[in-house]
Amino acid sequence: MTVATLTAAARAAPRAPRDRTLLLMLPAGAMLVVMFLAPLVLFFVRTFTEFDGTAAEFIDQARDLLLSQAYLTALGTTNWISLIVTATVLLIGYPIAYYLTTATGIGVRIVVLSIVLPYFTSIIVRTFSWMVLLGEHGLVNNVLVASGLVNHPLPLMYNRLGVLIGMSYVLLPYMVLTLYAAMRAIDPSLLRAAASLGASGSYTFWRVYFPLSLPGVLSGALIVYILSIGFFITPALMGGQHDIMIAMLIDRALEVAVDWPSAALMSLTLLVVTLVLYTVYYRIADIRRLIGAR
Amino acid sequence: MVGPEPRESQFHMVEMDTVLEQRPTRAVVAGLVTPAPIARAGGSAIELRGLTKRYGEETVVDTIAASIAPGEFFSLLGPSGSGKTTTLMMVAGFVHPDGGTVLVDGRDIAAVPPQKRGFGMVFQNYAIFPHLNVFENIAFPLRARHWAKDMIEARVSWALELVQLTRFADRDARQLSGGQQQRVALARAIVFHPPLVLMDEPLGALDKNLRFEMQVEIKEIQQRLGMTVLYVTHDQEEAMSMSDRIAIMNHGRIDQVGPPGEVYERPVNPFVGRFLGEANLIDGTVIAEGGDIARLRLSSGQELRAPRSNSRGPGRGMLFIRPERVEIAPGTVASAEPSANVLAGRVRRCSFLGNILRYAVDLDGAPPVTVDLQNAAGVAPLPVGAPVVLRWPVADSLILAGDG
């Protein structure tokens, strides 16, 4: 059918009864507006309107802030940590998700439970648990020293490594669940077809399975990355003095310096980056549908 | 259950030799080099020996045996749950048999994994790779075998031409219609010249006209390439129109094996008779008699004669006759004839099916008999209730043991 006939048909058709199901979204929508959108907008508007000075002065200050050593370092650190965390979580999560799609029985339930259960635990509790494990006199170091593998406790915490371990752990479920959803959509008969056509296991994986799981890989990576760049608690508790991420910088601007305009400006940049990444994520979700994933 | 396996396997040996002589196609393919491990130019001989598969308590495939000749189109036909797909999957290597062996050209392939068996396979849902275009889908088995680029190109072009998809080489696989996807699946399964192609209800998802078209096409390609095909279907017309021989499966066993004409005309039991098309099965008591012809006494006291399908003694039995073999004429007098069965009845119903008129005729104290009449010029339907005489040659009917 051509577009012309379609639109003609639409014009001729009687007006469809109003769809009231949208009303179901009203409570959620109201909550979002009141508790998320309104405070956010107010925060930005008030901060910028209360700025006493000319527009030129404002732009100057903004430029100074966004080009300041502290901000640029935090920006670099944030992106670098997010990148490493995303890669780590992908490497650990991919085999887990694959296992979940293929295995059956008690094993699956145990793995799912151990992935989902931490979700129900507070992120602070989880981070403190890691501190118990990774501290100078933590479980890991005690075992290492007692077994004679190392002479002195390893610096596992209050440095970059601690941040990476803590964040990877917290973000792993997002990756696994996203990958799992994408992998479940891969038709298993395609793998049989590949085998019947003479493809070895690794050839089938790289030529069929991995490309088909790629939308899941990209979505999972983006979700983890988006969450990473806004991370606060884990780097604040487990990081060292060189692991200042943007969220921590914002916190300092508010709590220590009481510099609301700087905090607002940094928040805004973070928000813009997140929204851009989210747009990419949305596109990928769309692509996944196009590829014919169920 | 009738299972004359020993007799049947002898029968196959004869059949195999004649098939070998009849096929000129092997020479045609002889020039093409096939690097497949179990390959030979043309097709392989396949033998299933006592193949068995159990899932828990249930025996899905029960010690089946069959010999498939090189270049033969062999169908497994049966209702769903009869074990035909499981059998195919055991040959493909995806299902591990609990007993028995699969021999390819005399070699037991039990230890060979699916990807090393070198068979082509067409799946029911086509299993086209959605992220590859038509060309790459068909090139897949060649790339997996690390063929040289120009050889891949030449062979894929050949396959594309074979299935008439040359124009669609660059098309996204997802944009193809069902019929086109089917062709891609077929091309992909034969592009590397496998000695055996396995097909699992490949036309099940297509509409009727397209299905018929594809039947002809698959059959032509199979004959041209001389490949051995093991074909699974539940559609008896499809099996009959394409196969050299059909194995009718029921409850995990092969009830009968033979060329389409033979299994259609001379079923070994009522199940086979019914499964291959419309069949009249008239209940009665078998009266033993010397020679090949036996008599069947109906509850009304009338007697019918027919050749026996086996040499079982007297007892319950059924007379089998296809609806198109019964003549129907208006009238009441049913005079006995030496070489025909004659019965009087009344028209109960007449259905117009386009090419045929299908009558249901009431007999005394028996379920109605179905009669098919070709819709020829000058044929007018008989009115309901009209007295009619049914007549069919003794040799066209068969007396079956009454089980099944």
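From a predicted model like this one, the values you see are computed outputs, not experimental measurements.

(A) Structural detail: the overall build of chain A. Each helix and strand counted, chain A has 13 helices and 0 strands in total. Counted from the first residue to the last, chain A has its helices and strands arranged as α-α-α-α-α-α-α-α-α-α-α-α-α. For chain A, whose C-alpha radius of gyration is 25 Å, the value lies well above the compact-globule estimate of 19 Å for 294 residues. Put simply, chain A has 294 residues, and 27% of those count as buried.

(B) Layout of the overall build of chain B. Scanning chain B from terminus to terminus reveals 11 helices and 20 strands. A buried classification covers 43% of the 404 residues belonging to chain B.

(C) The interface of chain A and chain B, seen in detail. Listed as interface residues are 17 residues of chain A and, on the opposing side, 20 residues of chain B. Looking at the side of chain A that touches chain B, the elements with two or more residues in it are α9 (188-196) and α10 (201-229) of chain A. With 6 residues, α9 of chain A is the largest single contributor of residues to the side of chain A that touches chain B. Residue composition of the side of chain A that touches chain B, grouped by class: 10 nonpolar, 5 polar and 2 charged.

(D) View of the confidence of the model for chain B. All names here are of chain B. Residues with a pLDDT of 70 or more make up 87% of chain B, whose mean pLDDT is 85. Below a pLDDT of 50 lies the segment residues 1-41, which in the model reaches 62 contacts outside its immediate sequence neighbourhood of four places, other chains included. Model confidence for the complex is summarised by a pTM of 0.78, with the ipTM given as 0.76.

(E) Up close: the packing of helix α4 (residues 69-102) of chain A against helix α8 (residues 160-184) of chain A. Residues and elements named next belong to chain A. The N-to-C vectors of α4 and α8 enclose an angle of 45 degrees; their axes lie 7 Å apart at closest approach. One element, α4, and the other, α8, form an angle in the oblique class. Helix-helix and strand crossings are classified by hand; for α4 and α8 the assignment is right-handed. Looking at the contact of α4 with α8, its residues break down into 21 nonpolar, 4 polar and 1 charged.

(F) How the structure looks around the nonpolar core. Core analysis: the largest hydrophobic core is formed by 131 residues, its most contacted members being I138, A187, L198 and L230 of chain B. Here this core takes 13 residues from α8 of chain A, the largest share from any one element.

(G) Looking closely at the pairing of strand β7 (residues 196-200) of chain B. All names here are of chain B. Counting buried positions over the 5 residues of β7 gives 5, a clear majority of the element. Residues L196, L198 and D200 point to one face of β7 and V197 and M199 to the other, with burial holding for every one of them. Inspection of the sheet shows β7 paired to strand β8 (residues 228-233) by 5 bridges, in the parallel sense. Counterpart to V197 in the pairing with β8 is V229.

(H) Structural view of helix α5 (residues 134-144) of chain B. Residue and element names in this part refer to chain B. Most of α5 is tucked away, with 8 of its 11 residues classed as buried. Those residues of α5 that fall on the buried side of the exposure criterion are V134, F135, N137, I138, A139, F140, P141 and L142. Check the buried side of α5 and you find it contacts α6 (149-162) and α7 (178-190). Residue H146 follows α5 closely and has a positive phi angle near 60 degrees.

(I) Geometry of the confidence of the model for chain A. Looking at chain A, the pLDDT average stands at 85 and 91% of residues meet or exceed 70. The spread of mean pLDDT over the elements of chain A runs between helix α1 (residues 3-12) of chain A, the lowest at 51, and α4 of chain A, the highest at 93.

(J) Quick look at the environment of M121 of chain B. Inspection of the secondary structure puts M121 of chain B in strand β6 (residues 120-122). Separated by 200 residues in sequence, M121 of chain B and I321 of chain B have C-alpha atoms that sit 38 Å apart. Discounting residues that sit within four places of it in the chain, M121 of chain B has contacts with A193 and S196 of chain A together with A92, A189 and L198 of chain B.

Rules and cut-offs
- Residues numbered from 1 in each chain as written.
- Chains lettered and ligands numbered in written order.
- Predicted model: local features only at pLDDT ≥ 70, side-chain atom pairs only at ≥ 80, totals over all residues.
- Helix = DSSP H or I, 4+ residues; strand = E, 2+ residues; numbered from the N terminus.
- Rg over C-alpha atoms; globule rule 2.2 N^0.38 Å.
- Buried ≥ 20, exposed ≤ 12 C-beta atoms within 10 Å, placed from the backbone.
- Contact = placed C-beta atoms within 7 Å.
- Nonpolar A, V, L, I, M, F, W, Y, C, P; charged D, E, K, R; others polar.
- pLDDT = per-residue confidence, 0-100.
- Axes fitted to C-alpha atoms, helices over the stretch in contact; angles between N-to-C directions.
- Parallel < 35°, antiparallel > 145°, perpendicular 65-115°, else oblique.
- Left-handed = near helix turned anticlockwise from the far one by under 90°.
- Core = buried A, V, L, I, M, F, W, Y, C linked by C-beta atoms within 7 Å.
- Pairing = 2+ DSSP bridges.

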